[in-house]
Amino acid sequence: MWDNFNRLVMANLHTLGVGLSVTGYVCFCAFALAVVLGAIACLVRLYVPFVRIVAIGYIEFCRATPIFVQLLWVNYVWPEVFGFPKSVLGAGIIALALQSSGYLAETFRSGIEGLPRGQREAGLAVGMSHIQILRRIVTPQVLLVMAPSIVNQMTVVIKSSTLVSVIAIPDLMYEALKLVNTWFEPIEILTSTALIYVLTIFLISILAKRVSDRFRNKFGLAAHA
Amino acid sequence: MWDRLRESLDLTLFWEYRAILLRGLLQNIYIFLAGAVLATVLAFVIGVARLNKHGTVRLFSTGYAELFRNTPEYVFLVWVYFVLPVIFSRLLATKVSFSPYVASVLALGISYSGFLSETVRAGILAVPRTHIEAAMALGMSRWMIMRRIIVPQAIRRMLPESLNQYVSLFKATSLVSLIAVEDLMYQVSMITVHEMRPLPLYTGAALLYCGIIIAAAQGIQLLSERWRQRGWA
Amino acid sequence: MHSPSPDARHATPKAGPIIRVVNLHKSFGPLEVLCGISFDVQAGSVFTLIGASGSGKSTLLRCLNLLEQPTSGEVYLDGKPMGFRIEADGRRLPDTAANISRMRSELGMVFQQFNLWPHMTALENVIEAPLRVKRFTRKEAVETGRHFLGKVNLLDKANEYPARLSGGQQQRVAIARALAMQPKVMLFDEATSALDPELTGEVLEVMRALAKEGTTMLVVTHEMGFAREVSDRVIFLHNGQIEEDGPPGVVFSAPKSERCRQFLSKVLH
């Protein structure tokens with residue numbers, strides 16, 4: 001089995017590596033976009049009087065639709081209706097971002113609503129504007145308190161990214177499946193791929209947890225689910 | 001753009017094929033039910049094992065939970081379908097193969113048992129120590145305490161979160177089309193090839209899932225609220 | 001200009017009262033918490049509000065800096081109306097957010113729960129508003145911050161996070177934070193109520209010192225000893241109305257209102 005391993009996996013390490021870097025790129029862009037969209041949706045939902053219905057609808061849709069379904073929908077329907085995304089890469093990133101933005105919006109909302117009222121009042125009392133309070137008082141605390149949920153969403157993005165192989169984005173899963181289809185030897189390739197994913201996700205979540213725990217202990221901020 | 005939008009929201013095509021699509025959805029539901037049962041059983045075993053007094057047992061069960069919480073569902077699904085039969089074949093020296101259904105149920109069940117085991121563990125831990133101590137002080141046996149005090153309360157505390165997990169499990173059944181199970185998405189792809197009109201079909205599928213999940217989530221909310229009012233969870 | 005002047009005397013002799021409250025009403029839904037409150041506060045005086053829980057003391061204070069919106073009535077800070085402006089033709093219009101923020105910065109508030117920002121050090125808490133609201137340079141802000149931290153005897157804790165400070169220390173930092181904006185009036189909303197008894201002393205000490213310097217202070221408190229010693233005027237609130245109003249000597253020894261008498265007898269034994 002070991003020479004199989006060498007023949008199949010080690011020899012193709014470069015290809016798999018490139019695939020992994022594509023995965024990394026897709027996940028990074030998707031998560032960044034998700035944070036932006038989620039923050040906007042959350043703020044609109046909380047503070048903008050009429051449009052908040054749209055925000056609520058958006059959030060519910062993003063959370064309720066399976067990622068696979070969203071992926072196919074964005075990839076096949078959006079270009080016809082909206083004119084973008086123009087590439088499968090864009091479709092993959094947008095779909096992943098959509099999914100996570102829903103959860104992140106709810107996470108941010110939970111954080112904002114959980115913030116003691118007095119924190120904002122102290123800002124108001126010294127004459128800070130609402131924007132200043134949001135930027136300097138609310139956002140840092142929400143990010144710190146909700147860090148575990150946010151880190152969890154990061155791992156969800158990485159796990160969901162395996163699906164973008166279906167629309168022919170050359171990520172790690174795509175390359176692995178291509179190898180399997182070329183060599184018809186699934187064991188070593190798929191097991192290795194699975195392990196790569198597991199290890200990557202595990203390491204990232206441990207690292208992120210470590211960093212966020214250190215900050216939270218420094219500020220004495222309570223843990224949140 | 002607007003007529004394209006109208007076209008994608010024009011669900012008559014979806015309605016036309018409703019028989020086939022519903023049959024596909026039924027596959028999702030069957031796999032969901034079977035997977036949920038498997039996941040629940042495994043979750044209890046692992047969840048309880050994580051609280052076992054032997055360190056090794058705890059280590060292995062925690063390893064199990066961590067492994068499956070960090071494994072992408074799609075990767076695991078493919079692995080169970082392609083690799084596991086080969087491993088069994090070699091071990092048992094006979095040809096083993098899984099039908100896509102079996103592979104789906106196994107993969108999703110095991111995958112989600114990781115998450116659920118955490119819920120089970122949290123539920124058991126959430127039973128206040130004082131309740132257990134009171135029972136011990138009254139002379140109840142370990143087994144009786146487990147059965148009459150811990151399990152009922154633990155299950156109540158687990159319910160809201162585990163229901164959310166089940167919803168996630170149902171969403172994950174959408175993946176099974178990728179190993180050729182003739183579920184909803186599979187049928188949608190087939191019809192698209194036939195009709196060459198992806199807009200209403202994919203949009204319809206998205207809205208259908210969306211509708212089911214939102215309805216389920218609302219139902220769970222209502223139930224959780226009612227349980228909370230009764231002082232259950 | 002922006003240069004801070006330490007130890008600014010807040011009591012610049014002016015003709016009118018520094019705070020004027022006219023017929024203030026506040027309802028929360030059907031519940032009317034303030035039922036027509038009117039009083040004046042002179043610059044440099046210490047004004048204490050006492051009363052049972054639910055009498056509306058905190059609500060009254062919070063209406064002064066518009067953390068609560070009065071249902072009707074007016075508040076004037078140094079002659080200028082708070083929360084609304086009067087047009088040339090005499091019409092009343094709600095004030096802009098920017099104006100409200102500016103006027104709030106002229107009132108300093110100290111909260112019962114301190115409300116220090118946990119992700120900033122003590123010094124950063126104190127300089128945040130001078131930096132962002134008054135647009136001090138960093139150097140000026142830090143100078144001001146350190147000055148006022150020194151005033152509350154916490155200069156050595158300047159770089160500590162609130163999580164590491166005791167309740168009394170946190171409250172003193174909160175006082176420094178309010179003082180750093182050099183407000184015209186300091187509002188204390190039950191500043192010692194959330195503190196363990198042994199820690200109230202250090203905070204009351206600071207408040208006493210501020211009073212002696214001539215800071216205009218409005219204090220909601222249960223600390224009757226402090227109220228009696230330090231106030232120039234005491235108001236007893238009951239069910240949203242002023243039932244007793246006078247110098248501490250009179251209110252504490254010979255209150256006219258029966259309810260005030262009852263309240264004091266319960267609280268002072």
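Keep in mind it's a predicted model, so treat the numbers as computed, not measured. (Residues numbered from 1 in each chain as written. Chains lettered and ligands numbered in written order. Predicted model: local features only at pLDDT ≥ 70, side-chain atom pairs only at ≥ 80, totals over all residues. Heavy atoms only, no water.)

Turning our eyes to something else, we now look at the overall build of chain C. Scanning chain C for helices and strands turns up nine helices and twelve strands. Since a compact globule built from 269 residues should have a radius of gyration of about 18 Å, the 19 Å found for chain C is in line with a globular shape. Overall size of chain C, expressed as C-alpha extent along the three principal axes, is 55 × 55 × 40 Å. Looking at chain C residue by residue over its 269 residues, the buried ones come to 54%. Taking contacts inside chain C between residues at least 6 apart in sequence as the whole, the part at least 24 apart equals 65%. For chain C, the computed accessible surface area is about 11800 Å², with 49% contributed by carbon and sulfur atoms. Distance between charge centres in chain C, computed from 32 positive and 30 negative side chains, equals 3 Å. (Helix = DSSP H or I, 4+ residues; strand = E, 2+ residues; numbered from the N terminus. Rg over C-alpha atoms; globule rule 2.2 N^0.38 Å. Buried < 20%, exposed > 50% of the residue type's maximum accessible area, 1.4 Å probe, protein only. Contact = heavy atoms within 4.5 Å. Areas by Shrake-Rupley, 256 points an atom, 1.4 Å probe, with all protein chains shown as cover. Lys, Arg positive; Asp, Glu negative; His and termini not counted. Charge placed at Lys NZ, Arg CZ, Asp CG, Glu CD.)

Before going further, it helps to examine the environment of His 25 of chain C. Residue and element names in this part refer to chain C. In this structure, His 25 sits in strand E1 (residues 19–28). Leaving out residues up to four positions away in the same chain, His 25 has contacts with Glu 32, Leu 34, Cys 35, Gly 36, Pro 70, Thr 71 and Ser 72. A polar contact is formed between the side chain of His 25 and the backbone nitrogen of Gly 36, at a distance of 3.5 Å. (Polar contact = N/O pair within 3.5 Å; in protein donor to acceptor, adjacent residues only side chain to side chain.)

Before going further, it helps to examine the sheet that holds strand E8 (residues 107–110) of chain C. Residues and elements named next belong to chain C. With mixed pairing, six strands are arranged side by side in an open sheet as E8-E9-E10-E3-E11-E12. Edge strands, defined here as strands with exactly one partner in the open sheet, are E8 and strand E12 (241–246). On average, each strand axis in the sheet is inclined to that of its neighbour by 20°, with strand direction left out of account. Strand direction decides the pairing type here: strand E3 (residues 46–51) and strand E10 (residues 216–220), joined by four bridges, are parallel. If you follow Val 46 over to E10, its bridge partner there is Met 217. The strands touched by helix H5 (residues 167–179) are E8 and strand E9 (185–189); relative to E8, the strand with the most contacts, the crossing angle is about 170°. (Pairing = 2+ DSSP bridges. Axes fitted to C-alpha atoms, helices over the stretch in contact; angles between N-to-C directions.)

Now for the packing of aromatic side chains. Counted by the stated rule, this structure contains 19 aromatic pairs over all chains. On the basis of an interplanar angle of 20° and a centroid distance of 5.2 Å, the ring pair of Tyr 76 of chain A and Tyr 202 of chain B is categorised as stacked. With Tyr 76 of chain A in helix H4 (residues 67–76) and Tyr 202 of chain B in helix H10 (residues 198–229), this residue pair bridges two chains. A relative accessible area of 5% means that Tyr 202 of chain B is categorised as buried. Members of the aromatic cluster, joined through ring pairs, are Phe 61, Trp 73, Trp 78, Phe 82 and Phe 84 of chain A. Lying across the ring of Phe 28 of chain C, Lys 26 of chain C places its NZ or CZ 4.9 Å from the centre. Note that Arg 177 of chain C overlies the ring of Trp 117 of chain C, its terminal NZ or CZ placed 4.4 Å from the centroid. (Phe/Tyr/Trp six-rings, centres within 6.5 Å; stacked < 30°, edge-to-face > 60°. Lys NZ or Arg CZ within 6 Å of the ring centre and 35° of its normal.)

Moving on, we get to the interface of chain A and chain C. With 23 residues of chain A at the interface, the matching set in chain C holds 23 residues. When the area that chain A buries against chain C is broken down by residue, the three leading residues are Val 126, Arg 136 and Phe 219 of chain A, summing to 27%. Inspection of the region where chain A meets chain C yields two salt bridges. As a salt-bridge pair, Arg 136 of chain A and Glu 128 of chain C come within 2.7 Å of each other at their nearest N and O atoms. Between the two partners, chain A and chain C, sit seven residue pairs in polar contact (both at pLDDT 80 or more). For the side of chain A that touches chain C, the secondary structure elements donating two or more residues are helix H7 (117–125), helix H8 (130–145) and helix H11 (186–219) of chain A. Among the elements that line the side of chain A that touches chain C, the one with the most residues is H7 of chain A, at eight residues. (Buried area = accessible area lost by both parts, 1.4 Å probe. Salt bridge = Lys/Arg side-chain N within 4 Å of Asp/Glu carboxyl O.)

This part covers the arrangement of the chains. With two pairs of chains in contact overall, the contact-richest pair is chains A and B. Of all C-alpha pairs spanning chain B and chain C, none lies closer than 25 Å, and the two are not in contact.

Counting across every chain of the model gives 27 salt bridges over all chains. Taking the shortest distance from any N to any O, the salt bridge between Arg 117 of chain A and Glu 121 of chain A comes out at 3.7 Å. Taken together, the positions of Arg 117 of chain A and Glu 121 of chain A, both in helix H7 and four residues apart, correspond to about one turn of that helix. Given the relative accessible area of 55%, Arg 117 of chain A is considered exposed. Here Glu 118 of chain B ties to Arg 50 of chain B by a salt bridge, and the two come within 2.9 Å at their closest N and O atoms. Of the two residues, Glu 118 of chain B sits in helix H6 (residues 100–125) while Arg 50 of chain B sits in the loop between helix H3 (18–49) and helix H4 (55–69), which places them 68 residues apart along the sequence. According to the relative accessible area criterion, Glu 118 of chain B is partly exposed, its value standing at 22%. Bridged by salt links that share partners, the residues Arg 45, Arg 63, Glu 106, Arg 109 and Glu 113 of chain A form one connected network.

This paragraph deals with the side chain of Gln 187 of chain B. Along the chain, Gln 187 of chain B turns up in helix H9 (residues 184–195). Every residue in contact with Gln 187 of chain B, bar those within four places of it in the chain, is listed here: Ile 20, Leu 21, Gly 24 and Glu 182 of chain B.

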